[in-house]
Amino acid sequence: LVLPSHEAAVSLRRKMQRATTLVTQAVRKVAPQGRAAGKRALSGGHDDSGAWEKISAVSGVFVAAMCVYQYKVHMDHVKSGHKFDKEANDFPYMRTRLKQYPWACGDCGLFESGCSC
């Protein structure tokens, strides 16, 4: 591996900077002129930002309404006093185990705090 001399490296760096400057100038000449600063040309120069702002606002209102509705449904369920009855909902297919767990009480799951062997 042969490294270039300091002069060759500086010369190469200057050539790269000049090439970058030329490319930047060419892109600026080709880029569409007359559009507002900070705005992107979407789909060939059409300005659709107003439409997307409206869609976002309507979507935000819809999501907020659904959150309020879900909260109301949840609170109605809580107020009804409905409790989960494990004995009534203890289906045999839910506790299918082919072998014991590797801890002291092999029939209790890892997160079953009410289980006592």
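Predicted model only: the values in this text are computed from it and were never measured.

Further remarks concern the overall build of the protein. When helices and strands are tallied, the protein shows two helices and zero strands. For the protein, buried positions account for 3% of its 117 residues. Counting only carbon and sulfur atoms, one obtains 63% of the accessible surface of the protein, whose full area is about 11100 Å².

Further remarks concern the pattern of salt bridges. Applying the stated criterion across every chain, the model contains one salt bridge. The shortest N-O distance in the salt bridge between Asp 76 and Lys 72 comes to 2.8 Å. With Asp 76 and Lys 72 both in helix H2 (residues 49-79) and four residues apart, this pair spans about one turn of that helix.

On to a nonpolar patch on the surface. There is a patch of nonpolar side chains on the surface, built from Phe 62, Val 63, Met 66, Tyr 69 and Val 73 and spanning about 480 Å² of accessible area. In this fold, Val 73 is placed in helix H2. Accessibility expressed as a relative area gives 38% for Val 73, which makes it partly exposed.

About the thresholds
- Residues numbered from 1 in each chain as written.
- Predicted model: local features only at pLDDT ≥ 70, side-chain atom pairs only at ≥ 80, totals over all residues.
- Heavy atoms only, no water.
- Helix = DSSP H or I, 4+ residues; strand = E, 2+ residues; numbered from the N terminus.
- Buried < 20%, exposed > 50% of the residue type's maximum accessible area, 1.4 Å probe, protein only.
- Areas by Shrake-Rupley, 256 points an atom, 1.4 Å probe, with all protein chains shown as cover.
- Salt bridge = Lys/Arg side-chain N within 4 Å of Asp/Glu carboxyl O.
- Patch = residues over 30% accessible without salt bridge, like charges linked within 9 Å, V, L, I, M, F, W, Y side chains within 5 Å.

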